[in-house]
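Report on the structure
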Amino acid sequence: MKRLLASIHDVSPRFEREVDQLLDRLAPHVGERLAMLVVPDHWGSAPWTPAFSARLRRWADTGVEMFVHGWFHRDDAAHSGVAAIKAKRMTAGEGEFLGLDHAEALTRMRRGKTLLEDATGRPAAGFIAPAWLYSDDARAALADAGFALAEDHARVWAPGGAVVARGPVITWASRSDTRALSSLAAASVLRHALQPLPTVRVAVHPGDVTRPALLRSIDRTFRAFSRGGRRPAAYADLLTEVPASISV
């Protein structure tokens, strides 16, 4: 089966209205077969309320997969070299785990995992770093934290084990006109170029709802994969067919 993995990023009390809009947008394409990437305290000013935790549990009870998505989502580290280039070009101060050492990365991962599991009453599906950016130490901490799955821009893997999917994430950028146009062009190409892959990932963000052109592109992308015979799937499905010969 050709899989389609859909995810909503930056799920937080700060973006509840936008998340609801995205859920409504994705429902005709994937129903509730999607993942949520949940931020425990977005930028240090949006901790979960009891009401929000209850919403997470209700979503999880319907089958939505719940991933820990950093802790603050904000990057406060000073970077140099390649990391500095990534921090500047790939995100706007959001790559929280790009500059963390092993101890701090592990602490935030474990805190997020405990918080999410207490809220939903079930194991976290995995961990995905904000902006898909990790330091080497943060990657190493994933297995120590006990996460079953992780992903970056190019792949999904079982920490300490195998790569279970390869291929770029289709996503959109909303923070500037230039980035929005670039992401529209990329999505147009990728929704055709990625058709042969066994697994395709599509990720949406709260900011997408601010630009009608992005929403139209999201709809076109999901329709293109549906026409190609691809079915909505869960990230956990990837663990049932781990290719032993492919390693991280």
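In this text, all values refer to a predicted model and were calculated from it rather than measured experimentally.

1. Some remarks on helix H5 (residues 136-145)
Buried within H5 are the following residues: Ala138, Ala141, Leu142 and Ala145. Down the axis of H5, the smallest arc covering the buried residues is 120 degrees, so these residues share one side. Close packing links the buried residues of H5 with helix H4 (102-120), strand E4 (126-127), strand E5 (150-151) and strand E6 (155-157). Immediately downstream of H5, the backbone of Gly146 shows phi near 85 degrees, a positive value.

2. Things to note about unusual backbone geometry
With a phi close to 60 degrees, Asp10 is a non-glycine residue in the positive phi region. Within the secondary structure, Asp10 is located in strand E1 (residues 3-11). The backbone phi angle of Trp132 is positive, close to 60 degrees, even though this residue is not glycine. Within the secondary structure, Trp132 is located in the loop between E4 and H5. Using a relative accessible area of 6% as the deciding quantity, one classes Trp132 as buried.

3. Some points on the pairing of strand E3 (residues 65-68)
By the alternation rule, side chains of E3 split into Glu65 and Phe67 and Met66 and Val68, which are all buried. Here strand E2 (residues 35-38) pairs with E3 via four bridges, running parallel. Within the sheet, the bridge partner assigned to Ala35 lies in E3 and is Glu65. The pairing of E3 with E4 spans two bridges and is classified as parallel. When the bridges of E4 are listed, Phe67 appears paired with Gly126.

Rules of the game
Residues numbered from 1 in each chain as written. Predicted model: local features only at pLDDT ≥ 70, side-chain atom pairs only at ≥ 80, totals over all residues. Heavy atoms only, no water. Buried < 20%, exposed > 50% of the residue type's maximum accessible area, 1.4 Å probe, protein only. Helix = DSSP H or I, 4+ residues; strand = E, 2+ residues; numbered from the N terminus. Arc of directions from axis to C-beta. Contact = heavy atoms within 4.5 Å. Pairing = 2+ DSSP bridges.

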